[in-house]
Amino acid sequence: MSGITNLRGTAAPLDQANVDTDQIIPKQFLTSVSRKGFGKHLFHDWRYLDLHEQELNPDFALNKTEHQGASVLLARQNFGCGSSREHAPWALTDYGFKVVIATSFADIFYGNCMNNQLLPIQLNSDQMDKLFNAVADEPALEIEVDLPAQQVRCKAGQFDFDIAEHHKHKLLKGLDAIGETLELAEKIDSYERSIPAWR
Amino acid sequence: MGKTLYEKIWDDHLVARAGTDNLIYIDRHLIHEVTSPQAFAGLEEKGRNLRCPERTFATMDHSISTRSLALDACGPTNQLQLMTLKQNCDKYGVELFPVGHQKQGIIHVIGPELGLILPGMTVVCGDSHTATHGAFGALAFGIGTSEVEHVFATQTLKQGKAKTLLVKVDGTLPVGVTAKDIILAIIGEIGHAGATGHVIEYAGSAIEALSMEERMTICNMSIEAGAKAGLIAPDETTYAYLKNRERCPTGADWEQALSYWQQLKSDADAHFDTVVNLQASDITPQVTWGTNPGQVIGVNEAIPQPQSFSDEVSRTSAQKALHYMGLQPGQKLSDVAVSHVFIGSCTNSRIEDLRAAAKIAAAGKVAEGVTAIVVPGSAQVKQQAESEQLDKIFTEAGFEWRLPGCSMCLGMNDDILKPGDRCASTSNRNFEGRQGRGSRTHLVSPAMAAAAAIKGHFVDVREFDV
């Protein structure tokens, strides 16, 4: 996987707290044995008026003409809560999102983003208000996300964000996490020799 | 300074430190059909091996029918997913408890039942309710499919250390109030995201008094407060549950394990990042009114006014939830009629749960217009319940008695609700659409669910005339 560095794009505003992974990708799509093709079903219950995904809900942010092609998703607190399904970041990236900016994230979802080159950015609620307002005023607003500098930049301001060094490293380099760990095989072997019989 | 239980387990599983990364060894890897196929495919693609098949255990639970043992009973896509699990387990030498096996069941029910989960272990599964196993003093948490693949290939995970939250529940639980009510009350107190970034340790006299089944109900819903994991220190109740269980150590190994387990508790001077105290005597039977488990009240409380919440986000969430749920602020839950009742899930499908529900079911008949189903958590739970004639009590009262599986907790099979259906459910999530698009879920204890089935609306089980 190649890494993320700088991104420029427009945003889709999902002005809601506690968006759970059941909403991001409902259960009826989890029977697939592939990682691909989930983008079509992203936010299914909100995005479509019917079960067969024929009729778009015109009131849903992602369906508005001005937000087509958005690569940045804006949301509020506790985004990605609930089920551990990695199908959620698979659906978001397959749809075309590269960045989610929210007030806070649920832990498992946050970790899953790292394994899928989806950048989760946490900003405070004042900063989120500014971004939501700016996108409401100007839907085509260009947002620049600079991962090396840990900064979100747009007309509404310039916002620094925190990210753990190992997460940043992984997103920048697009590393194969398993390959990296396998290089520590000797340490794993040695640990296994120390495990008591009962365990 | 002393260490917390979490820190002790963590330290004993540290394989390597690499900068801010910690490589943690995984003792038990539980898998099911939904979150494993892409991980197996990843191994295949890279030509990697599954490092420890003997530490990996599989079952079929999510995508299966609760009416038929046929793998194609819920259609060809579900069947393909189930067959893929079987083929992968055969290929990589993983023990599988498939549909129809006498030890099959919900992964978080069968793991403990088989004695696979021991205090001081690390346990992972591509499933957020893995926190259940923390009831044994095991560090257990849900992971994504990429991490499932990582554990397959390396038997380790890269992890950051979580913060610690001590939830202390002291005193005696009132009659009619259950472990489900404790955990719902805790989530109501700290909020749906109140424990994000933390591992919770549950302690206090009310927790110590709980059975293993009840402790599993508590730990199961740790994720519903946003926690990475939930833990309860092992004690005599834990050892008594484990002793002589099928896969538990025996002889000298048991003795060695026991002496290790006996020091496996937080030191008196251990530091927790946050401490929350609850009095058991204050807890009443709980019912959720909204669309996340933190939106919960005592059964006799009125549904809250959105304006009563302190911040704008909570007010908006409450408004949206009430609209979705078709409820009014100030409304009493006893005036809210249910169309469905679901007794089951990894939260509440163990034998004690079914006994509690059956006790209520024995006192009446399912109300007209209500569909009520009971789905045991495993084939062993089903067999035990049948040997106690609980199935007869349920069916005579008008409940349907089903085959084990996850069922209507998330409806990956045909146990799904229609728009507008309202369900009293013993499961763990009341999210929009969780049990079917447009359906409305209220989380309750097994006894409260059975009582709602009989009355046709929510009712305080303490006033229920048994």
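What counts as what
Residues numbered from 1 in each chain as written. Chains lettered and ligands numbered in written order. Predicted model: local features only at pLDDT ≥ 70, side-chain atom pairs only at ≥ 80, totals over all residues. Heavy atoms only, no water. UniProt positions renumbered as here; feature names shortened; annotations may be inferred. Helix = DSSP H or I, 4+ residues; strand = E, 2+ residues; numbered from the N terminus. Buried < 20%, exposed > 50% of the residue type's maximum accessible area, 1.4 Å probe, protein only. Contact = heavy atoms within 4.5 Å. Areas by Shrake-Rupley, 256 points an atom, 1.4 Å probe, with all protein chains shown as cover. Lys, Arg positive; Asp, Glu negative; His and termini not counted. Charge placed at Lys NZ, Arg CZ, Asp CG, Glu CD. Buried area = accessible area lost by both parts, 1.4 Å probe. Salt bridge = Lys/Arg side-chain N within 4 Å of Asp/Glu carboxyl O. Polar contact = N/O pair within 3.5 Å; in protein donor to acceptor, adjacent residues only side chain to side chain. Nonpolar A, V, L, I, M, F, W, Y, C, P; charged D, E, K, R; others polar. Arc of directions from axis to C-beta. 1 Å grid on protein atoms, 1.4 Å probe; cavity = no way out; pocket = protein on both sides within 12 Å on 5 of 7 lines; lining within 4 Å. Points joined across faces, edges and corners; volume = space filled by probe spheres on them. Domains from an automatic or database assignment. Pairing = 2+ DSSP bridges. Axes fitted to C-alpha atoms, helices over the stretch in contact; angles between N-to-C directions. Parallel < 35°, antiparallel > 145°, perpendicular 65-115°, else oblique. Left-handed = near helix turned anticlockwise from the far one by under 90°. Phe/Tyr/Trp six-rings, centres within 6.5 Å; stacked < 30°, edge-to-face > 60°. Lys NZ or Arg CZ within 6 Å of the ring centre and 35° of its normal.

Under the annotation held in an unreviewed UniProt entry, chain B carries the name 3-isopropylmalate dehydratase large subunit and is attributed to Lacimicrobium alkaliphilum. Under the UniProt heading Catalytic activity (unreviewed entry), the entry covering chain B gives this text: "(2R,3S)-3-isopropylmalate = (2S)-2-isopropylmalate". What UniProt states about chain B under its Function (unreviewed entry) heading is, verbatim, "Catalyzes the isomerization between 2-isopropylmalate and 3-isopropylmalate, via the formation of 2-isopropylmaleate."

Chain A is annotated in an unreviewed UniProt entry as 3-isopropylmalate dehydratase small subunit of Lacimicrobium alkaliphilum. Here is the UniProt Function (unreviewed entry) comment for chain A, exactly as written: "Catalyzes the isomerization between 2-isopropylmalate and 3-isopropylmalate, via the formation of 2-isopropylmaleate."

K.L.:
Tell me about the overall build of chain A, and name the residues and values.
P.N.:
Helix and strand counts for chain A come out as eight helices and eight strands. C-alpha extents for chain A along the principal axes are approximately 60 × 40 × 25 Å. Taking all 199 residues of chain A together, 59% fall into the buried category. The long-range share in chain A, meaning contacts at least 24 apart out of those at least 6 apart in sequence, stands at 64%. On chain A, roughly 8200 Å² of surface is accessible, and the fraction owed to carbon and sulfur atoms is 46%. Treating the 19 positive side-chain charges of chain A as one cloud and the 28 negative ones as another, the clouds have centres 4 Å apart.

K.L.:
Break down the interface of chain B and chain A for me, citing the residues and quoting the values.
P.N.:
Listed per partner, the contact involves 74 residues of chain B and 55 residues of chain A. Three residues stand out in chain B for area buried against chain A, namely B:Gln38, B:Arg51 and B:Arg437, and they jointly supply 14% of the buried area on that side. Taken together, the links from chain B to chain A amount to eight salt bridges. The partner of B:Arg51 in a salt bridge is A:Asp189, with the nearest N and O atoms 2.7 Å apart. The interface formed by chain B and chain A contains 32 residue pairs in polar contact (both at pLDDT 80 or more). For the side of chain B that touches chain A, the secondary-structure elements that each account for two or more residues are β1 (14-18), β2 (21-25), α2 (37-46), α3 (76-92), α5 (145-154), β8 (156-159), α10 (251-261) and α11 (312-325) of chain B. For the side of chain B that touches chain A, a count of residues per class yields 24 nonpolar, 32 polar and 18 charged.

K.L.:
Please provide a residue-by-residue account of helix α13 (residues 379-387) of chain B, values included.
P.N.:
Residue and element names in this part refer to chain B. Those residues of α13 not exposed but buried are Ala379, Val381, Lys382 and Ala385. Down the axis, α13 shows its buried residues gathered within 160° of arc, on one side only. The outward face of α13, more than 90 degrees from its buried face, is lined by the exposed residues Gln383 and Ser387. Packed against the buried residues of α13 are α4 (107-113), α12 (351-361), α14 (390-397) and β17 (400-401).

K.L.:
Can you lay out the layout of surface pockets for me, pointing to particular residues and giving the numbers?
P.N.:
Residues and elements named next belong to chain B. Taken as a whole, the second largest pocket encloses approximately 600 Å³ of empty space. Lining of the second largest pocket is provided by 26 residues; of these, Gly176, Val177, Thr178, Ala356 and Ala447 occupy positions nearest its centre. Secondary-structure elements contributing two or more residues to the lining of the second largest pocket are α6 (179-190), α8 (212-220), α12 and α15 (446-455). Residues that form the lining of the second largest pocket fall into these classes: 14 nonpolar, six polar and six charged. There are two domains that each give the lining of the second largest pocket at least three residues, and those are domain 1 (5-261) and domain 2 (287-463).

K.L.:
Tell me about the domain arrangement of chain B, and name the residues and values.
P.N.:
Residues and elements named next belong to chain B. For chain B, the assigned domains are domain 1 (5-261) and domain 2 (287-463). Using C-alpha coordinates to define each centre, domain 1 is positioned 24 Å away from domain 2. The interface is formed by 46 residues belonging to domain 1 together with 44 residues belonging to domain 2. Carbon and sulfur atoms supply 58% of the area that domain 1 and domain 2 bury against each other, a total of about 3400 Å² over both sides.

K.L.:
Tell me about the sheet that holds strand β16 (residues 371-374) of chain B, and please be specific about residues and values.
P.N.:
Residue and element names in this part refer to chain B. As summarised here, the arrangement of the five strands in space is β17-β16-β15-β18-β19, forming an open sheet in which the pairing is parallel. Since the sheet does not close on itself, it has two edges, and those belong to β17 and β19 (440-443), each with one partner. Across three bridges, strand β15 (residues 340-343) lies against strand β18 (residues 422-425) in parallel orientation. Bridge assignment links Val341 to a residue of β18, and that residue is Ala424. α11 rests against β18 and β19 of the sheet, and its axis sits at about 110° to β19. The strands touched by α15 within the sheet are β15, β16 and β18, with β15 carrying the most contacts at an inclination of about 150°.

K.L.:
Explain the packing of α12(B) against α14(B) to me, and be specific about the residues and the numbers.
P.N.:
Residues and elements named next belong to chain B. Close contact between α12 and α14 brings their axes to 9 Å; oriented N to C, the two are set at 40°. When the interaxial angle is binned, α12 and α14 end up oblique. The element α12 and its partner α14 pack so that their crossing is left-handed. Of the residues in α14, those in contact with Ile351, Leu354, Arg355, Ala357, Ala358 and Ala361 of α12 are Leu390, Ile393, Phe394 and Ala397. Of the residues assigned to the contact of α12 with α14, the class counts are nine nonpolar, no polar and one charged.

K.L.:
Tell me what's going on with the sheet that holds strand β3 (residues 72-74) of chain A, and back it up with residues and numbers.
P.N.:
Residues and elements named next belong to chain A. Pairing in this open sheet of four strands is parallel, and the strands run β2-β3-β4-β5 from one edge to the other. The open sheet is flanked by β2 (11-13) and β5 (119-122), the only strands paired with a single partner. Strand after strand, the sheet turns through a mean of 20° between neighbouring axes, direction not considered.

K.L.:
Would you mind going over the packing of aromatic side chains in detail, with residue names and values included?
P.N.:
If you walk through the whole model with that rule in mind, you get 21 aromatic pairs over all chains. On the numbers, 5.4 Å between centres and 65° between planes, the contact of B:Phe136 with B:Tyr241 is edge-to-face. One end of the pair, B:Phe136, is in the loop between β6 (122-125) and β7 (139-142); the other, B:Tyr241, is in helix α9 (residues 236-242), and 105 residues separate them in sequence. As far as the burial class goes, B:Phe136 and B:Tyr241 line up, both buried. Aromatic ring contacts, followed pair by pair, group A:Trp198, B:Tyr239, B:Trp254, B:Tyr260 and B:Trp261 into a single cluster. The ring of B:Tyr241 carries B:Arg245 above its face, with NZ or CZ at 3.7 Å from the centroid.

K.L.:
Any chance you could break down the pattern of salt bridges for me, citing the residues and the numbers?
P.N.:
Per the stated rule, a full pass over the model turns up 39 salt bridges over all chains. In this structure, B:Asp27 and A:Arg199 form a salt bridge, with 2.9 Å as the shortest nitrogen-oxygen distance. Here the residue B:Asp27 occupies a position in the loop between β2 and β3 (28-31), and A:Arg199 occupies one in the segment after α8 (185-193), the pair thus bridging two chains. Overall, B:Asp27 belongs to the buried group, its relative accessible area being 0%. Taken together, the shared-partner salt bridges connect A:Arg8, A:Glu142, A:Glu144, A:Asp146 and A:Arg153 into one network.

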